[in-house]
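# A closer look at the structure
Given next are the chains, with one letter for each unit.
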Amino acid sequence: MQYQLHLAHLYGDLLNTYGDIGNILVLKYYAQQMGVKLTDEVVSLDQPFDPKKYDIAFFGGGQDFEQVIVSKDIQSKKDDLITYIEDGGPMLAICGGYQLLGSYYIGAHGEKIKGIHALDHRTESQDNHRFIGDIVIKNEETGQEYHGFENHNGITYLGHGERPLGKVISGNGNNGSDRTEGAIYKNVYCSYFHGPILARNGELAKRILLTALKRKYLQADLSAQEALVIKPTY
Amino acid sequence: MSLRSSIAITAGKSSYWFLHKFRHGGTSFPGKLALALDPKVLRTLAKDYDIVVITGTNGKTLTTALTVKALKAKYTQILTNPSGSNMIQGITGAFLTAQKGANGKKLAVLETDEANVPIICQYVTPKAFVLTNIFRDQMDRYGEIYTTYDKIIAGIKMAPEATIIANGDAPIFNSKKLPNPTIYYGFNNQPDQEQMAPANTDGLLCPKCQHILHYKQRSYSNLGKYYCPNCSFARPELTYQMTQIVDQTPASSTFVINGQEVTLHIGGTYNIYNALAAFSVASFFGVEPQASAQMLSDKDEKVFGRQEVIRLGEKEVTLILVKNPVGLDQVLQMIKTDQEPFSLAVLLNANYADGIDTSWIWDGRFEDLPFARIPAVLAGGERYKDIAFRLRVAGVSEDRFAERPDLDDVLEYIKHMPTDHVYVLATYTAVLQLREKLANEGYIKGGMD
C-alpha cells in the first residue's frame, strides 16, 4: 500500500455497545480502496494516549457502568487528547464518546459525570424517555445528507466554537428542540448516530480519511483518493 | 382453592379447549384470561410442583428442552412451557393445559424471560434457578447486561432457599453475594494460558475493582476461566465441568462432562454450554450421570427447532435464527468450521421483534468466513442493503454475490445455488416469513412452535 494510517480505538474493550466496531471496519474498507493501509489499536484504562502516535481516533459509546469508569480514567488522558484535537487530529466520537468530549453528562442515577471539556457542549438527561428511531440530517458545508439510527437519553447543547454535524431533516438530533445533530470542532466529528454511522455515510468516512492523509502526507498528490466514488449503501 | 382461582382456572381451560380444537391455538391467551380473572391463579396452579426457572439471554429454549430430556431419566411427570411462551401468561397457560397426572410432587421446568423472573417469583417459590448467560440483546428493547441481571436477582431474592445453578464462566454471575446455595458449571478443556478477550467484547470489567479481566482459558465472548489481575476476583470452583471436546462439526459435538461422554446432535460451542447446564440440573435432581449423558446424546428432532434442516428441491437448507451479537457471532464461528462445500444466505429484517436497530450485524465477525471457498452468497430480507454492505466489507467478492429483496426470489435463488448445502441465517420475522412461504409451498408443515 502507498499510504499508512494508524487509528486509536479509545476504550475499545469497554465502549462497544452499538456495533461501533463497524465504523473501524468501514474505515478500513474505504481506506483499502484509497490505497491506504489502516491499522488500529485499543487505548484503554491506565494506558497513555500519545498524540503523536495516531492519525485517527475513534471513541464509541457503552453501557452506563463502563462509561462511568471511563469518565474517571480519561481525566488522565485529558491533556494529551486536547493536544491531539487542537493540533487538528481527526476524531470520530459517537454517543457516550461524544458526551465525554464535552463538559459533562448526567448518569443513570441523576449524577453529573465529568467529561474532558475538549469541546464545549454539555449533556443533560430526559426523564424516562429516549430518542429512538431513524434520523436524517443535512451537513451544511457539503450539502450531504447523513442517515442513521438514534437511541439516546442524553440531550446535548452545543457550546462555543462548535457547529452541528448536520441540521435535522427528520428525527430528533442533539436535544429534540434546536434541530441540530452532532458536533464538528476542528477535525473532530461527533454524533448520536448508530447504524454504525460510517456504514450508511461513506462520504463522512472518506472525509475523515482524506483529512488524516492530508495531515500526515503534506506534499502528496491525493487527487486519486479524492476521486473515490462512494456507492450508496442504504 | 379460592372461588376466584377456581373460576379463573375453569375459564382458562375452556378457552384453551376452544382455541385448541377450533383455532390450533397456543397457551398464552388462556393464561392471559385466567390471570385477568385472578392474578394469583399461578400460585394455585403450581402448588404441587417443584419448579425450575431457566433464564438468560441465549440458550434458554434449548437448555429447557435438554433439561426436560435429561430429567426424564428419573421423572415421569414433567411440565414445561413451549418455546417463546416464556412470560407469565405463557407459563400460566402451560400449567392450565397440563395433563392431570398422579398425585404427589411433580416437576415444572420453565423457560423464563429475564424480566419475568421477579413477576413469576411473586407467585411461586422455585427450587432452582438456572442462569445461562447475559449478553447484550437488542438494545432498543432491552436494558444493559447489569440491569438485566438486577431483574433476575430481584426474583431470586424472593426465594433465598432456592439453589442457583449458574454458568461459572460468566463473570456477572459471581458479581453479587446472595444467600442462596450456588452450584457452578463451566468449561475446563484447555491448558491454562494467559490471555485477554478481544476488544469488542462486552462485560470485561471486574465487578469488585473495575480493572479489565484477564483469562486463563476462554471459550467465547467474555466466558471462561477469568481472573482479575488487581484483586482476588476469579472464576469460582466448578461442580460440573466439560473437560474435553472429542469431536466437533457444525452438526454435532462430542464432549466429556464429569467423566461422561456426550454426543449432542446439534453443532455450536454455545450448545455445549446448554447441555452442560441440563446435565447440572439433572444431577441436582438426582439423575445418574450416565443416564443424563445417554438422554442428552439422543437424536431428538423436536428438541433442536432453532436450527432446522429443510429440504428445498435438491438443496439441503440449514435454517438458523440469529437475533443478537453474541449469538450471531457464535453461528458464524460454527459455520466457518464446515469442511463440506456450502453456500450462504443472510436475511435481515428490522421489525420490532428483530430489533429496529441493525447495528448489531457489525458485531458478528463475518470477516472470519472462508469466502474463498463459499461459491455463492446472498443478501436478502427487508433490510437487504444493510446486510449486503456488511458482507461486502467482510470481503465477499462481487462475482459470487447477489442481493434479493423479495422472498420468492430468495427461495428461487437458493434453489439454484451451486452447492447441495445452503446455510440460511435469518432474523426472527424473516424466519417466520420464510417458514410461512415454505409451508404454503409444501416444503414444511406450517407454523412455528
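As a starting point, this report considers the structure included with it. Everything quoted here is computed from the prediction, not taken from an experiment.

### Topic: the overall build of chain B
On a plain count of helices and strands, chain B comes out with 13 helices and 17 strands. Its C-alpha atoms give chain B a radius of gyration of 22 Å, near enough to 22 Å, the size a compact globule of 449 residues would have. Over its C-alpha atoms, taken along the principal directions, chain B stretches across nearly 70 × 60 × 40 Å. Here chain B holds 449 residues, and the buried ones make up 58% of them. Partitioning the contacts of chain B with sequence separation of at least 6, the portion at a separation of at least 24 is 69%. Carbon and sulfur atoms provide 50% of the accessible area of chain B, an area that totals close to 18600 Å². Positive and negative side-chain charges of chain B, numbering 46 and 46 respectively, have mean locations separated by a distance of 8 Å.

### Digging into the side chain of Glu-181 of chain A
Residue and element names in this part refer to chain A. With respect to the helices and strands, the residue Glu-181 is situated in strand β12 (residues 180-181). Of the buried charged residues, Glu-181 lacks a salt bridge, with Arg-207 as the closest side chain of opposite charge at 12 Å. Leave out the neighbours within four places in its chain, and Glu-181 touches Ile-135, Ile-137, Pro-164, Leu-165, Gly-166, Val-168, Gly-173, Asn-174, Ser-191, Tyr-192 and Phe-193.

### Description of the packing of aromatic side chains
In this structure the tally under the stated criterion is 20 aromatic pairs over all chains. Centre to centre, the rings of Tyr-29 of chain A and Phe-389 of chain B are 5.4 Å apart; their planes meet at 90 degrees, and the pair counts as edge-to-face. With Tyr-29 of chain A in helix α1 (residues 21-33) and Phe-389 of chain B in helix α11 (residues 384-394), this residue pair bridges two chains. Site record: aromatic cluster; members linked through ring pairs are Tyr-29 and Tyr-30 of chain A together with Trp-362 and Phe-389 of chain B.

### Some remarks on helix α2 (residues 64-73) of chain A
Residues of α2 of chain A that are buried include every one of Glu-66, Gln-67, Ile-69, Val-70, Ser-71 and Asp-73 of chain A, and no others. Where α2 of chain A is buried, its residues meet β3 (56-59), α4 (96-101), β5 (104-106) and β6 (112-114) of chain A together with α7 (145-156) of chain B.

### Remarks on the interface of chain A and chain B
Where the parts come together, the accessible area they lose is often given as the size of the interface. Counting residues at the interface gives 33 residues for chain A, matched by 30 residues for chain B. Each partner contributes to the roughly 2800 Å² buried at the junction of chain A and chain B, and carbon and sulfur atoms together form 60% of this total. The largest share of the area that chain A buries against chain B comes from Asn-16, Gln-63 and Phe-65 of chain A, three residues that together contribute 20% of it. Linking chain A with chain B are 1 salt bridge. Its salt-bridge partner being Arg-200 of chain A, residue Asp-386 of chain B comes within 3.0 Å of it at the nearest N-O pair. Applying the counting criterion to the chain A and chain B interface returns 11 residue pairs in polar contact (both at pLDDT 80 or more).

### Regarding the sheet that holds β12 of chain A
All names here are of chain A. The strand order across the open sheet formed by 5 strands is β12-β11-β8-β9-β15, and the pairing between neighbours is antiparallel. Only two strands of the sheet have a single partner each, and these edge strands are β12 and β15 (193-194). Sheet topology note: the strand β8 (residues 131-138)/strand β11 (residues 166-170) ladder contains 3 bridges and is antiparallel. Looking at the pairing, Lys-138 lines up with Lys-167 of β11.

### Topic: the nonpolar core
Phe-59 and Leu-101 of chain A together with Phe-95, Leu-391 and Leu-425 of chain B are the most contacted members of the largest nonpolar core, which has 195 residues in total. At 10 residues, helix α8 (residues 269-284) of chain B tops the list of elements feeding residues into this core. Non-local contacts of Leu-101 of chain A, meaning those with residues more than four positions away in its chain, are made with Phe-59, Ile-85, Met-91, Ala-93, Ile-116, His-117, Ala-118, Leu-119, His-121, Val-188 and Cys-190 of chain A. With 23 residues, the next largest nonpolar core counts Leu-312, Leu-347, Leu-407 and Leu-438 of chain B among its residues.

### Things to note about a nonpolar patch on the surface
Residues and elements named next belong to chain B. Taken together, the side chains of Leu-3, Ile-7 and Leu-37 make up a nonpolar region of the molecular surface, amounting to roughly 290 Å² of accessible area. Relative to the helices and strands, Ile-7 is located in helix α1 (residues 3-22). By relative accessible area, Ile-7 is classed as partly exposed at 45%.

### As for the sheet that holds strand β6 (residues 182-187) of chain B
Residues and elements named next belong to chain B. If you trace the 9 strands from one edge of the open sheet to the other, you get β2-β3-β1-β4-β5-β6-β9-β10-β11, paired in mixed fashion. Two strands lie at the open edges of the sheet, namely β2 (78-80) and β11 (260-264), each paired on one side alone. Each strand of the sheet is rotated relative to its neighbour by a mean of 20 degrees, with strand direction disregarded. Taken strand by strand, helix α5 (residues 88-96) contacts β1 (49-55), β2 and β3 (106-111), and its axis lies near 155 degrees from that of β3. With respect to the sheet, α8 is in contact with β1, β4 (128-131), β5 (163-167), β6, β9 (240-249), β10 (252-257) and β11, its orientation differing from that of β9 by roughly 140 degrees.

### Quick notes on unusual backbone geometry
Residues and elements named next belong to chain B. Of note, Ser-221 is a non-glycine position whose phi angle comes to about 45 degrees, a positive value. Within the secondary structure layout, Ser-221 lies in the loop between β7 (214-220) and β8 (223-227). A relative accessible area of 16% places Ser-221 in the buried class. Not every positive phi belongs to a glycine, and Asn-258 is a case in point at roughly 40 degrees. When you line up the elements, Asn-258 lands in the loop between β10 and β11. Overall, the relative accessible area of 36% leaves Asn-258 in the partly exposed class.

Calculation rules
- Residues numbered from 1 in each chain as written.
- Chains lettered and ligands numbered in written order.
- Predicted model: local features only at pLDDT ≥ 70, side-chain atom pairs only at ≥ 80, totals over all residues.
- Heavy atoms only, no water.
- Helix = DSSP H or I, 4+ residues; strand = E, 2+ residues; numbered from the N terminus.
- Rg over C-alpha atoms; globule rule 2.2 N^0.38 Å.
- Buried < 20%, exposed > 50% of the residue type's maximum accessible area, 1.4 Å probe, protein only.
- Contact = heavy atoms within 4.5 Å.
- Areas by Shrake-Rupley, 256 points an atom, 1.4 Å probe, with all protein chains shown as cover.
- Lys, Arg positive; Asp, Glu negative; His and termini not counted.
- Charge placed at Lys NZ, Arg CZ, Asp CG, Glu CD.
- Salt bridge = Lys/Arg side-chain N within 4 Å of Asp/Glu carboxyl O.
- Phe/Tyr/Trp six-rings, centres within 6.5 Å; stacked < 30°, edge-to-face > 60°.
- Buried area = accessible area lost by both parts, 1.4 Å probe.
- Polar contact = N/O pair within 3.5 Å; in protein donor to acceptor, adjacent residues only side chain to side chain.
- Pairing = 2+ DSSP bridges.
- Core = buried A, V, L, I, M, F, W, Y, C linked by side-chain atoms within 4.5 Å.
- Patch = residues over 30% accessible without salt bridge, like charges linked within 9 Å, V, L, I, M, F, W, Y side chains within 5 Å.
- Axes fitted to C-alpha atoms, helices over the stretch in contact; angles between N-to-C directions.

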